[in-house]
Each structure stands twice: as structure tokens, then as C-alpha cells.
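# Per-entry structural report
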Amino acid sequence: MWFASVCAADMTTARIAVLQRALWVRGLYAGPLDGQMSSATREAIRRYQTQRGLLSAELSLRAAREMGVVSWLATP
């Protein structure tokens with residue numbers, strides 16, 4: 001399956017912390033808000049995206065936009 005994802009270089013510690021907070025607010029993440037792309041963070045991403053029909057722990061651009069992790073509108 002192909003989908004646009006957030007570039008790994010763009011996933012800074014600060015951006016991952018924003019992602020963790022967004023997942024925590026939605027009840028999908030219970031780990032530390034430490035800005036690390038841990039297995040718990042990836043599992044929370046998978047849970048969020050599975051609810052939207054995407055079975056992947058790789059953060060999609062769509063999910064990142066929906067949660068306010070990224071704000072740009074152009075698709076790479």
C-alpha cells in the first residue's frame with residue numbers, strides 16, 4: 001500500500017512530542033511525552049490510523065495534518 005508519509009528528517013524531537021500529546025489527548029498513548037519515536041508511540045500511531053483504514057505504524061501525512069503535527073498543505 002502506498003501513502004504519503006512525513007519525512008523522517010522532519011520528525012524532530014519537538015514534533016514527536018507534539019504527536020505524542022495529540023495521541024495522548026485522544027486516549028491512544030499513555031507513555032512519556034519525551035519526543036522519542038518509541039514502540040509505544042508507533043503503536044499509538046497504528047491505533048489512530050487503523051481507525052481510519054490505514055494499517056501502519058508509519059505516520060501518514062494525512063494523520064499528521066489531522067492531528068496538527070504538520071501544517072503544510074502541499075503533498076510531496
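The notes below deal with the structure included here.

Reading the values: rules and limits
- Residues numbered from 1 in each chain as written.
- Predicted model: local features only at pLDDT ≥ 70, side-chain atom pairs only at ≥ 80, totals over all residues.
- Heavy atoms only, no water.
- Helix = DSSP H or I, 4+ residues; strand = E, 2+ residues; numbered from the N terminus.
- Buried < 20%, exposed > 50% of the residue type's maximum accessible area, 1.4 Å probe, protein only.
- Contact = heavy atoms within 4.5 Å.
- Expected span 1.5 Å × (residues − 1).
- Polar contact = N/O pair within 3.5 Å; in protein donor to acceptor, adjacent residues only side chain to side chain.

Moving on to the side chain of Q49. Note on placement: Q49 falls in helix α2 (residues 39-50). On the basis of relative accessibility, which here comes to 1%, the residue Q49 falls in the buried class. Not counting the four nearest positions on each side in its chain, Q49 is found in contact with L54, S56, A57, E58, L59, S60 and A63.

Taking 1.5 Å as the rise per residue, helix α1 (residues 13-25) with 13 residues should run 18 Å; its terminal C-alpha atoms sit 18 Å apart, in good agreement. Inspection of α1 places I16, A17, L19, Q20, A22 and L23 among the buried residues, and these make up the whole buried set. In this structure, the buried residues of α1 make contact with α2.

On to the environment of T41. If you trace the backbone, T41 turns up in helix α2. Here T41 falls in the buried class, since its relative accessible area comes to 0%. Within the structure, the side chain of T41 is placed 3.3 Å from the backbone oxygen of Q36, a separation counted as a polar contact. There is a polar contact of 3.0 Å between the side chain of T41 and the side chain of S38.

Everything listed here is a matter of geometry and, on its own, says nothing about what the molecule does.
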